[in-house]
Amino acid sequence: MKFNKASDIIKYMKEENLGLFEYALVHEYELTGRTKEDIETYLEHVWTVMKEAIAKGLDPDIETKGKIIGNESLKLMNPDKGQRSVSGKTMRKAIAYALAMMEVNASMGKIVASPTAGSCGVLPAVLLTIQERFKLEDEMIIKGLVVANLAGELIAHTASLSGARGGCQAEVGSASAMASAAVVYMLDGNPDQVFDAAAICFKNLMGLVCDPIAGLVESPCAKRNTIGAANALICAEMVLAGIPSIVPFDEVVEAMYRVGKALPVSLRETSLGGLAITQTGEDYQEQIFGGCTVCSNCK
Amino acid sequence: MKDYSLFDILGPIMIGPSSSHTAGACRIGYMTRNMIKRPIVKVQFDLYGSFAKTYKGHGTDVALLGGILGFSQDDERIVQAYEIAQEQGIANEFVLKDDEDEHPNTVVIKAVTDVGKHWEVKGVSIGAGKVVIKSINGIDVDYTGEYNTILTHHTDNPGMLALITALLAEQKINIANMRLYREARGQKAICIIENDEAIPEETVKRLQIIHGMHYVNVIERIYE
């Protein structure tokens, strides 16, 4: 059965006595016409690529430098150098992993667009942090991926996952919502809580603009992935403590879509506004491309 | 709106940094190579819009060339595309165009094969790693690579489609989408048939001997 609203899915699951993962998997077979083995093999591959990318990003011997960012995630991984962690071990790790993914992406390494390349750091960072913290099996992470995917499909259907359409809230916001949904599922939250966590994630990042310097997927994208990861953990924390979202997931996604449409074009991946046109942003532009890349008016 | 599956949301698995500028570019190159199916000795990429303006920053050049070399969008050899092309003796050139009418992420690939045949394929990267081939050898088409596809070049004779579809029916190949394009009445025509099933070699051979058929090619689906 295919539903486009989380509320319909939750209702159906209760009637049929199905779990969220079980529903999502059957729905995926029906949608793609692919076998259970195909889907499982693909998911295992996705998780392997994600883990390998984080490891690569944190390997001191591998250079992961893009045009602007690079080789910085590692700085968060050495707590024994007398550095004090401000936000605690788990949060610090999630931030480091998200940056590592984005550095690998910027340096033309292999990543999983989840849901996009610009937001590819959030989901793997959150999943690996939680796996290590709670010593979860890969099998459970794969279930988490399926639940994250279900949230992503609902968002893609009702709103958008593209920065050009909806700003960064649609990319990092969606990644954050997907990741938070997965965490709540993996830590035994109920389906209402899974979608509440995703809803709160969007509420926290609503209106986030897409303004990449020099049009590259680097700055501020990499650090925005860290807020996406941190946000996913924060929202899962609240929900698992019994704090619900005031506005339900389906309504929040609709609101996110409306906000995205209301954003001016200059703040939707065109590099015509926000940080992209600061003095520093323009200096990078000049240095990398030797001038403006977004229009040819100044030729 | 269109339905999205696992392969769209948790994917593509790709070489960074940009699904439209890198993964999509690679797929256009890869689909072009799949279409040509002969060794390529020379290739020129005409880049339009954002492809022309930011190709160096996003590695669009190595992605396109990597695709022509037969690398899929998640192949780490993409970054060495220039070196590998040189080893294989494939001359390559990137030409920047400033035609404002084109879609922002457009490339026209002009390739020459070892037997001197010229190909010209126009592709557009539409976002999220998805691509559309817009023209093949001067004939406008609309083809996405989401199915196993039969591409025919034939003369626009009456009854051609009936012959082609009868043969596919006999082979139990289910057609998902089918489109016919032609230069002019009685002239060169292209048929693009997107199928659910893989296309056996035998089917291609039998299609090739239809009277008026110039060229039959199978382009395998490029998505997971």
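Student: What should I look at first to understand the side chain of Arg268(A) in this one?
Tutor: Residues and elements named next belong to chain A. Relative to the elements of secondary structure, Arg268 occurs in the loop between helix H11 (249–262) and helix H12 (279–289). One buried charge, Arg268, has no salt-bridge partner; the nearest side chain with opposite charge is Glu269, at 9.3 Å. Aside from chain neighbours lying at most four places away, what touches Arg268 is Gly163, Ala164, Arg165, Gly166, Gly167, Cys210, Gly260, Lys261 and Leu263.

Student: Would you mind showing me how to read the nonpolar core here?
Tutor: Proteins that are soluble and globular tend to have nonpolar side chains buried together. Counting 107 residues, the largest nonpolar core has Leu20(A), Leu123(A), Leu145(A), Ile155(A) and Phe249(A) as its most contacted members. A per-element tally of this core places helix H8 (residues 168–186) of chain A first, with 13 residues. Ignoring sequence-local partners within four residues, the contact set of Leu123(A) consists of Met50(A), Ser114(A), Leu145(A), Ala148(A), Met178(A), Ala179(A) and Leu10(B). Counting 46 residues, the second-largest nonpolar core is a separate cluster that includes Ile28(B), Met31(B), Tyr143(B) and Tyr223(B).

Student: Hey, could you run me through the packing of aromatic side chains in this one?
Tutor: By convention here, two paired aromatic rings are described through the distance between centres and the angle between planes. Residue and element names in this part refer to chain B. Under the criterion given, the structure shown has nine aromatic pairs over all chains. Summarising the aromatic geometry, the rings of Trp119 and Tyr215 are spaced 5.7 Å apart at their centres and angled 65° between planes, so their arrangement reads as edge-to-face. Here Trp119, found in strand E5 (residues 118–127), pairs with Tyr215, found in strand E11 (residues 213–219); they are 96 residues apart in sequence, far enough to count as distant. Here Trp119 falls in the buried class, since its relative accessible area comes to 3%. Given the relative accessible area of 24%, Tyr215 is considered partly exposed. Site record: aromatic cluster; members linked through ring pairs are Phe45, Tyr55, Tyr82 and Phe94. Just above the ring of Trp119 sits the side chain of Lys117; from NZ or CZ to the centre is 5.1 Å. The side chain of Lys117 reaches across the aromatic face of Tyr215, ending 6.0 Å from its centre.

Student: Which parts of the structure should I look at to understand the interface of chain B and chain A?
Tutor: Between chain B and chain A, the contact holds 35 residues from the first and 44 residues from the second. Between chain B and chain A the total buried area reaches about 3,200 Å² when both faces are included, carbon and sulfur atoms providing 65% of it. Those elements giving two or more residues to the side of chain B that touches chain A turn out to be helix H1 (6–9), strand E1 (13–15), helix H2 (19–36) and helix H3 (49–58) of chain B. A total of five residues in the side of chain B that touches chain A trace back to one element, the largest contributor, which is H3(B). Its residues assigned to classes, the side of chain B that touches chain A comprises 14 nonpolar, 10 polar and 11 charged. Bridge analysis of strand E1 (residues 110–112) of chain A against E1(B) gives three bridges, and the strand direction is antiparallel. Residue pairing across strands places Val112(A) opposite Ile13(B), the latter belonging to E1(B).

Student: Explain the domain arrangement of chain B to me, please; I cannot follow it from the model alone.
Tutor: Interface size is commonly expressed as the accessible surface area that is lost when the partners come together. Residues and elements named next belong to chain B. Here chain B is partitioned into domain 1 (6–137) and domain 2 (148–219). Between the C-alpha centres of domain 1 and domain 2 the distance comes to 26 Å. Taken together, the eight residues of domain 1 in the interface contact nine residues of domain 2. Between domain 1 and domain 2, roughly 630 Å² of surface is buried when both sides are summed, and carbon and sulfur atoms account for 58% of that area. The largest per-residue losses of area from domain 1 upon contact with domain 2 belong to Met35, Lys37 and Ile136, which jointly make up 54% of the total buried on that side. In this structure, the connection of domain 1 to domain 2 is made through zero salt bridges. For the pair domain 1 and domain 2, the number of links is four residue pairs in polar contact (both at pLDDT 80 or more). With four residues, the top contributor of residues to the side of domain 1 that touches domain 2 is H2. A per-class count over the side of domain 1 that touches domain 2 returns five nonpolar, two polar and one charged.

Student: Honestly, the packing of helix H3 (residues 36–57) of chain A against helix H5 (residues 122–134) of chain A in this entry has me stumped. Any pointers?
Tutor: The description of two packed helices rests on the angle between their axes and on the distance between the axes. Residues and elements named next belong to chain A. Packing of H3 against H5 leaves a shortest axis separation of 10 Å and a crossing angle of 85°. On the basis of their axis angle, the class for H3 and H5 is roughly perpendicular. In contact with Trp47, Met50, Lys51 and Ile54 of H3, H5 contributes Leu123, Pro124, Ala125, Leu127, Leu128 and Gln131. Here the residues of the contact of H3 with H5 sort into eight nonpolar, one polar and one charged.

Student: When you look at unusual backbone geometry in this model, what are you seeing that I'm missing?
Tutor: Between Ser219(A) and Pro220(A) the backbone carries a cis peptide bond, its omega angle lying at 10°. With respect to the helices and strands, the residue Pro220(A) is situated in the loop between helix H9 (191–205) and helix H10 (221–240). Following Gly11(B), the chain continues into Pro12(B) via a peptide bond in cis, with omega recorded as 0°. Structurally, Pro12(B) can be placed in the loop between H1 and E1. The residue Asp188(A) is not glycine, and still its phi comes out positive at about 70°. Assignment of secondary structure puts Asp188(A) in the loop between H8 and H9. Non-glycine residue Lys37(B) carries a positive phi angle of around 55°. Within the fold, Lys37(B) resides in the loop between H2 and strand E2 (40–48).

Student: Mind showing me how you'd approach the pattern of salt bridges here?
Tutor: Side-chain pairs of opposite charge can arise whenever the charged atoms involved come near each other. Taken as a whole and assessed by the stated rule, the structure comprises 19 salt bridges over all chains. Of the charged contacts, one joins Glu254(A) and Lys5(A) as a salt bridge, the two residues approaching to 3.0 Å between their closest N and O atoms. Placement of the pair is Glu254(A) in helix H11 and Lys5(A) in the segment before helix H1 (6–16), with a sequence separation of 249 residues. Classification of Glu254(A) by relative accessible area gives partly exposed; the value is 31%. Here Lys37(B) makes a salt bridge to Glu220(B), at a shortest N to O gap of 3.7 Å. In this pair, Lys37(B) is assigned in the loop between H2 and E2 and Glu220(B) in the segment after E11, connecting sequence segments 183 residues apart. Owing to a relative accessible area of 42%, Lys37(B) belongs among the partly exposed residues under this scheme. One continuous salt-bridge network, built from bridges that share partners, spans Asp8(B), Lys130(B) and Glu146(B).

Basis of the calculations
- Every chain's residues receive numbers from 1 upward, in the order its sequence appears when written.
- Following the order in which they are written, the chains are lettered starting with A and the ligands numbered starting with 1.
- For this predicted model, a pLDDT threshold of at least 70 governs which residues receive local features, and a threshold of 80 or more governs which side-chain atom pairs are given and counted, while totals over whole chains, interfaces and linings are taken from all residues.
- Side-chain metrics in this entry use all non-hydrogen atoms of the structure; hydrogen atoms and water are not considered.
- Every helix listed is a DSSP run of H or I at least four residues long, and every strand listed is a run of E at least two residues long, numbered separately from the N terminus.
- Exposed residues in this analysis have more than 50% of their type's maximum accessible area, buried residues have under 20%, and partly exposed residues fall in between, with area computed by a 1.4 Å probe over protein chains only.
- Only four residue types enter the tally: Lys and Arg on the positive side, Asp and Glu on the negative side; His and the chain ends are excluded.
- A carboxyl oxygen of Asp or Glu within 4 Å of a side-chain nitrogen of Lys or Arg is what we treat as a salt bridge.
- In this analysis, two residues are considered to be in contact whenever any of their non-hydrogen atoms come within 4.5 Å of each other.
- Take the buried Ala, Val, Leu, Ile, Met, Phe, Trp, Tyr and Cys residues and link them wherever side-chain atoms come within 4.5 Å; each set so joined is a nonpolar core.
- Pairing of aromatic rings covers Phe, Tyr and Trp, the last through its six-membered ring, and needs centres within 6.5 Å; plane angles under 30 degrees mean stacked, over 60 mean edge-to-face, and all others mean tilted.
- Definition used: whenever NZ (Lys) or CZ (Arg) falls within 6 Å of the ring centre and also within 35 degrees of the ring normal, the charge is taken to sit over that ring.
- Simply put, the buried area is the total loss of 1.4 Å probe accessible area from both parts when two parts are fitted together.
- Side-chain classes are defined by residue name, with Ala, Val, Leu, Ile, Met, Phe, Trp, Tyr, Cys and Pro counting as nonpolar, Asp, Glu, Lys and Arg as charged, and the others, Gly among them, as polar.
- For two strands to be treated as a pair, DSSP must find at least two bridges joining them.
- Where each domain starts and ends follows an automatic or database-derived domain assignment.
- Each polar contact in these results corresponds to two N or O atoms within 3.5 Å; when the atoms are within protein, one needs to be able to donate a hydrogen and the other to accept it, and residues that are neighboring in sequence are counted only if both atoms are side-chain atoms.
- Structural elements are reduced to axes, namely lines fitted to C-alpha atoms, with helices fitted over the stretch in contact, and the angle between N-to-C directions of any two is expressed from 0 to 180 degrees.
- Here roughly perpendicular refers to angles of 65 to 115 degrees, roughly parallel to angles under 35, roughly antiparallel to angles over 145, and oblique to all remaining angles.

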